[in-house]
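One-letter residues, chain by chain:
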Amino acid sequence: MRTSIATVSLSGSLTEKLTAASRAGFDGVEIFENDLLASPLTPEEIRARCADLGLTIDLYQPMRDVEALPPQEFARALRRARHKFELMRRLGAGTVLVCSSVSPHAVDDDALAAEQLGALADLAQESGIRVAYEALAWGRHVSTYDHAWRIVEAAGHPALGTCLDSFHILSRGSDPKGIEDIPGEKIFFLQLADAPLLAMDVLQWSRHYRCFPGQGGFDVAGLLRHVLRTGYDGPLSLEVFNDVFRQSEAGPTAVDAQRSLRVLQETVGLTAPPAPVVPSGFAFAELVTPDAEPVAALLAALGFARTARHRGKPVDLWQRGEARILVNTGPAERRDGTRLAAVGLESPDPEGAARRAEALLAPVLPRRRGPGDAPLEAVAAPDGTELFFCATRRPGLPDWRADFEDTASASDADDGWRVDHLSLTQPWHQFDEAALFHRSVLGLRPQESVDVADPYGLLRSRAVTNDDGSVRIVLTVGAAPTDDTAHAQHIALATDDVVAAARRFRAAGGRLLPIPANYYDDLAARYEFADGELETYRDLGILYDRDDHGTFRHCYTRTVGRVFLELLQRDGGYRGYGAANAPVRLAAQHAVRGFTGG
Ligand SMILES: O=C(O)c1ccc(O)c(O)c1
Ligand SMILES: [Mg+2]
């Protein structure tokens, strides 16, 4: 179906908004009055600009406080309407949105509302304009979609229809099934927005927290299915009031928006893009570093061996068991220091995974290929992390390690080491986008979002995983973009014996993050441990957690550049990431930085 976006959903000047919408592939826009009023362009110039960009103007909005008014007030509303309709004629906009009145003058009288909306529609019709009446969730007398429809139906005017807005319908908990009672041709417009499930005033919720479908907790797809059953064939339009999007660059936001509509259309069966190819493990994690020495020392102390070197680039492969870490000393920038730049995802169908990514507007990266290199499909995640779709030892698929020359054989080949999860810090304004990206492009499943207290701010964290837990990516976002501790990334390595791993690391000269004694006193109060067990944890700085399924023990290396490593042991099917311990870990990391001056 045609896709549209309200200018209020994007940041910048009207021109910037239109350009971003067009580039992201939208067919049309809803022009918000404020964007027009603030624009130096005349309505004719805006019309021409839209035409040049291949955008139709699908809606002009909003017109407020029009219906169920005393005669004098209504006369004034009609006068305003005349001006708006003239403006819309110059703009070439054919539909105006009228939202249900919040005016203290409005009376609770559906017959009067129908009569006055009919009179407004008469006037609109003279200018070839249609009126779409929308119930605001906080409207004074009309706040539900079925009520707005009853009034439209009673008016019985060909130029008057209703506008459905998923936020207003779902935020109030209305049953969207009743939408099917509205004839499709009387639904003049459909606005789509999702929102996180928050317990708050609905107006504040609407004006600040809306997000794109698939990023919140509403069943927008379910609502759309009801709308489609009516025969509605107008645009799917995103109307998202969001404080974060207002501050972010319009270009990426528009792409995020368009991706959400592509996923939504796929979900309801309107389109069939290439199916997701869910990754089945981590092939590697790649660190880019300006100085390989500290990274090499850290990996060596952990028992990793440098097993291979890339034939054409300064990239070493370090390995322990099934855990593989690439250390790239090529394009590193001093400013960032060591960072986690790329992730190799085991893919049953790398080409299919890349096609899926492309269909959902993920930037496909130029293949970094030298002569004779194995083909490697790669895309960029919203945070810039490069995601490679690759195969390790898979019959019929080229092995990514073909580009590497063995330098040593791996030690400890079968001791159960593997990458358990990767934690990737997201730019503060891309957290919701990142979750939607990983879900839709990679087919990973988002878990609950958790808040983690950091001594200098609050962190949000959300894991995306595949079904068997062999791929887990933890997306985090910190409050202060300048806080290095909150913005560190990490590689978590699973072992079958974290105590032995920690001891070995320390014996080899590695330094584990020290954890305060208070933490262990508290653990002793919460759980019973075998003799000496707690003392071992206390000595090594091992943290402990438990869920309904099992237990979790984990400890941390010091940070190199932006990256640290975690050693962990999952037992009995523990599913989490030790979130209960994260505040202690973050405080300890801050303390170490403070102590050493970073
Ligand atoms: O917040 C508002 O006032 C407002 C205005 C127009 C809309 O279409 C809407 O859904 C909300
Ligand atoms: Mg709306």
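Residues numbered from 1 in each chain as written. Chains lettered and ligands numbered in written order. Predicted model: local features only at pLDDT ≥ 70, side-chain atom pairs only at ≥ 80, totals over all residues. Heavy atoms only, no water.

Thoughts on the coordination of the magnesium ion (ligand 2)
Geometrically, a metal with four donors at the corners of a regular tetrahedron has ideal angles of 109.5 degrees, and one with six donors at the corners of a regular octahedron has ideal angles of 90 or 180 degrees.
Now for step 1: Surrounding the magnesium ion (ligand 2) are the protein donor atoms Glu134 (OE), Asp165 (OD), Gln191 (OE1) and Glu239 (OE), at 2.1 to 2.2 Å.
Now for step 2: Bound by six donor atoms, the magnesium ion (ligand 2) shows angles of 76 to 177° at the metal and therefore octahedral coordination geometry.
Now for step 3: Mapped onto the polypeptide sequence, the residues donating to the magnesium ion (ligand 2) form the spacing pattern E-x30-D-x25-Q-x47-E. With Gln191 in strand β7 (residues 187–192) and Glu239 in the loop between β8 (236–238) and α10 (243–247), this pair connects stretches of sequence that are 48 residues apart. (Donors = N, O, S within 2.8 Å, 3.2 Å for Na, K, Ca; no water. Tetrahedral: all angles 85-135°; square planar, octahedral: opposite > 155°, others 65-115°. Helix = DSSP H or I, 4+ residues; strand = E, 2+ residues; numbered from the N terminus.)

So, a nonpolar patch on the surface
Now for step 1: On the surface, Leu198, Met200 and Tyr209 cluster together into a nonpolar patch covering about 230 Å² of accessible area.
Now for step 2: Mapped onto the elements, Met200 comes out in the loop between β7 and α8 (202–209).
Now for step 3: Classification of Met200 as partly exposed rests on a relative accessible area of 31%. (Patch = residues over 30% accessible without salt bridge, like charges linked within 9 Å, V, L, I, M, F, W, Y side chains within 5 Å. Areas by Shrake-Rupley, 256 points an atom, 1.4 Å probe, with all protein chains shown as cover. Salt bridge = Lys/Arg side-chain N within 4 Å of Asp/Glu carboxyl O. Buried < 20%, exposed > 50% of the residue type's maximum accessible area, 1.4 Å probe, protein only.)

Points about the domain arrangement of the protein
The figure often quoted for interface size is the accessible area lost as the parts come together.
Now for step 1: Partitioning the protein into structural domains gives domain 1 (3–267) and domain 2 (281–591).
Now for step 2: Centre-to-centre separation of domain 1 and domain 2, based on C-alpha positions: 44 Å.
Now for step 3: In this assembly, 16 residues from domain 1 lie in contact with 14 residues from domain 2.
Now for step 4: Carbon and sulfur atoms make up 57% of the surface buried where domain 1 meets domain 2, a total of about 1,400 Å² over both sides.
Now for step 5: The tally of links from domain 1 across to domain 2 stands at two salt bridges.
Now for step 6: Notably, a salt bridge pairs Arg259 with Glu433, separated by 3.9 Å at the nearest N-O pair.
Now for step 7: On the surface where domain 1 and domain 2 come into contact, there are five residue pairs in polar contact (both at pLDDT 80 or more).
Now for step 8: Among the secondary structure elements, those contributing two or more residues to the side of domain 1 that touches domain 2 are α10 and α11 (250–267).
Now for step 9: For the side of domain 1 that touches domain 2, the leading source of residues is α11, giving nine residues. (Domains from an automatic or database assignment. Contact = heavy atoms within 4.5 Å. Buried area = accessible area lost by both parts, 1.4 Å probe. Polar contact = N/O pair within 3.5 Å; in protein donor to acceptor, adjacent residues only side chain to side chain.)

With respect to the UniProt feature "binding site: Mg(2+)" (unreviewed entry) in the protein
Now for step 1: According to UniProt, the positions carrying the feature "binding site: Mg(2+)" (unreviewed entry) are His421, His490 and Glu566. Considering the C-alpha atoms alone, the annotated residues occupy 146 residues of sequence yet fold into one spot, their largest mutual distance being 9.3 Å.
Now for step 2: Note on placement: His421 falls in strand β17 (residues 418–425).
Now for step 3: What makes His421 buried here is its relative accessible area of 2%.
Now for step 4: Not counting the four nearest positions on each side in its chain, His421 is found in contact with Phe282, Arg472, Val474, His490, Ile491, Ala492, Glu566, Leu568, Arg570 and Tyr577. (UniProt positions renumbered as here; feature names shortened; annotations may be inferred.)

Focus: the pairing of strand β24 (residues 563–571)
Side-chain positions along a regular strand alternate between the two faces of the sheet.
Now for step 1: Burial analysis of β24 places eight of its nine residues in the buried class, which makes it a mostly covered element.
Now for step 2: Sheet topology places strand β21 (residues 489–494) next to β24; six bridges connect them, and they run parallel. Bridge assignment links Gln489 to a residue of β24, and that residue is Val563.
Now for step 3: As paired elements, strand β23 (residues 551–556) and β24 share six bridges and run antiparallel to each other. In the sheet register, Thr551 faces β24, and the bridge partner there is Asp571.
Now for step 4: Following β23, the chain reverses through six residues before pairing antiparallel with β24; Gly561 in that reversal takes a positive phi of roughly 60°. (Pairing = 2+ DSSP bridges.)

Section: the sheet that holds strand β19 (residues 457–465)
Two strands in a sheet stick together by hydrogen bonds in their backbones, pointing the same way (parallel) or opposite ways (antiparallel).
Now for step 1: Read from one edge to the other, the open sheet built from eight strands follows the order β18-β19-β20-β17-β21-β24-β23-β22, with strand pairing classed as mixed. Unpaired on one side and paired on the other, β18 (445–454) and β22 (543–546) mark the two borders of the sheet. Across the sheet, the mean angle separating the axes of adjacent strands is 25° when strand polarity is ignored.
Now for step 2: Across eight bridges, the pairing between β18 and β19 is antiparallel. Note that in β19 the partner of Asp451 across the bridge is Arg460. (Axes fitted to C-alpha atoms, helices over the stretch in contact; angles between N-to-C directions.)

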